[in-house]
Amino acid sequence: MNAVLTVEGLSKSFGSLKVTRDVTLELHTGECHALIGPNGAGKTTLINLITGILPAESGRITLNGRDLSDLPMHQRAGAGLGRTFQITSIFPDFSALENVALAAQSSDGRGMGFWRIAASDSGLNAKAADALDMIGLGARKDARGADMSHGEHRLLELAMAVVTNPDALLLDEPMAGLGRAESEELVDTLQSLKAQVPLLMVEHDMEAVFSMADRISVLESGQIVAAGTPEQVRSDPQARAAYLGEEAV
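Figured I'd write up the structure that's included with this text. Source: prediction; values computed, not measured.

## Let's talk about helix α1 (residues 43-51)
With eight of nine residues buried, α1 lies mostly within the body of the structure. Taken together, the buried positions of α1 are occupied by Lys-43, Thr-45, Leu-46, Ile-47, Asn-48, Leu-49, Ile-50 and Thr-51. Where α1 terminates, the next one or two residues include Gly-52, which has phi positive at roughly 95 degrees.

## Quick notes on helix α5 (residues 122-135)
The terminal C-alpha atoms of α5, which comprises 14 residues, lie 20 Å apart, in line with the 20 Å expected from a rise of 1.5 Å per residue. Among the residues making up α5, those that are buried are Leu-124, Asn-125, Ala-128, Ala-131, Leu-132 and Ile-135. Relative to the axis of α5, the buried residues are bounded by an arc of 125 degrees and lie together on one face. Residues of α5 that are exposed and point over 90 degrees away from its buried face: Ser-122, Asp-130 and Asp-133.

## Describing the packing of α5 against helix α6 (residues 150-162)
The contact between α5 and α6 brings their axes to 9 Å, and the two run at 130 degrees. Between α5 and α6, the angle is such that the two are oblique. In this structure, the crossing between α5 and α6 has a hand that is right-handed. On the side of α5, the interface is formed by Ala-131, Leu-132, Met-134 and Ile-135, while α6 contributes Leu-155, Leu-156, Leu-158, Ala-159 and Val-162. Residues belonging to the contact of α5 with α6 are distributed by class as follows: nine nonpolar, no polar and no charged.

## Looking at the sheet that holds strand β10 (residues 223-228)
Pairing between the strands of a sheet is mediated by backbone hydrogen bonds and can be parallel or antiparallel. The mixed open sheet is built from six strands, whose spatial order is β6-β7-β8-β3-β9-β10. Looking at the sheet topology across the chains shown, the edges are occupied by β6 (81-84) and β10. Strand-to-strand twist across the sheet, computed as the mean angle between neighbouring axes with direction ignored, equals 20 degrees. Pairing between strand β3 (residues 32-36) and strand β9 (residues 215-220): four bridges, direction parallel. Within β9, the residue paired with Ile-36 across the bridge is Val-218. Of the strands in this sheet, β6 and β7 (168-172) touch α6, which is tilted by about 155 degrees from β7.

## As for the sheet that holds strand β4 (residues 58-63)
Read from one edge to the other, the open sheet built from four strands follows the order β2-β1-β4-β5, with strand pairing classed as antiparallel. Sheet topology places β2 (17-28) and β5 (66-67) at the edges, where each strand pairs with a single neighbour.

## Quick word on the pairing of β10
Looking along a regular strand, one sees the side chains alternate between the two faces of the sheet. The pairing of β9 with β10 spans five bridges and is antiparallel. Paired with Ile-216 across the two strands is Gly-228, which belongs to β10. The turn joining β9 and β10, which pair antiparallel and follow one another in sequence, is formed by two residues; a positive phi near 55 degrees is taken by Ser-221.

## Side note on the pairing of β6
The two faces of β6 match: Leu-81 and Arg-83 on one face and Gly-82 and Thr-84 on the other face are all buried. Sheet topology note: the β6/β7 ladder contains four bridges and is parallel. Considered in β7, the bridge of Gly-82 is made with Leu-169.

## A look at the pattern of salt bridges
Per the stated rule, a full pass over the model turns up 11 salt bridges. As a salt-bridge pair, Arg-180 and Asp-205 come within 3.4 Å of each other at their nearest N and O atoms. Linking Arg-180 in helix α7 (residues 180-193) with Asp-205 in the loop between β8 (199-202) and α8 (206-212), this pair joins segments that are 25 residues apart in sequence. When salt bridges that share partners are traced, they join Glu-8, Arg-60 and Asp-67 into one network.

Reading the values: rules and limits
- Residues numbered from 1 in each chain as written.
- Predicted model: local features only at pLDDT ≥ 70, side-chain atom pairs only at ≥ 80, totals over all residues.
- Heavy atoms only, no water.
- Buried < 20%, exposed > 50% of the residue type's maximum accessible area, 1.4 Å probe, protein only.
- Helix = DSSP H or I, 4+ residues; strand = E, 2+ residues; numbered from the N terminus.
- Expected span 1.5 Å × (residues − 1).
- Arc of directions from axis to C-beta.
- Axes fitted to C-alpha atoms, helices over the stretch in contact; angles between N-to-C directions.
- Parallel < 35°, antiparallel > 145°, perpendicular 65-115°, else oblique.
- Left-handed = near helix turned anticlockwise from the far one by under 90°.
- Contact = heavy atoms within 4.5 Å.
- Nonpolar A, V, L, I, M, F, W, Y, C, P; charged D, E, K, R; others polar.
- Pairing = 2+ DSSP bridges.
- Salt bridge = Lys/Arg side-chain N within 4 Å of Asp/Glu carboxyl O.

Next comes the structure, spelled out in structure tokens:
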């Protein structure tokens, strides 16, 4: 299995607090790699370092063999690194189709100032419709963002990331705020999606993690203390001590 995204020796401190400690991991073609750990373990910080929101002090990040370590965030995105956030950000007065078309337009390098062009651009609208169909929101393409449920917002943001055709997609707590039925629907969607784009996912929902992750890395105090398949992590004493607990295994 080929490594699409490689992180080597990534470290970051805020003053005397070391929040990321020599983290090394890989994201492979066709897989979902989950990052788990207690609050404050450094999971979102790690995602922010990989995507360029925060600068790393040391380490190397490569995507399909290209070194992204010194690139700003927008260039990493342009190189094929996609990302969703813990807090969903959409345009509530735009339809689902318009939100995704705007994301497609932005990824084409035309920026948001050309929205009137995007609204009537059949090519952008076709790409947006395809992304919504892929995520399972095709029937809701004309719904205003403000009229959609929280679960639909999560799916919409996912469609907005997918339409940019990323080579790797980083997800920050995609299940946050979802009910059980919505979480199960999103798990099914992500299971299908990972065959097209590999997923690096931060998530606290252990049922979702163990139902869909191919590999899991456990973070504690900014460092990976255990890694492997779900079965290996379930049985790892250090992973259990750091996060899982008896109820999770």
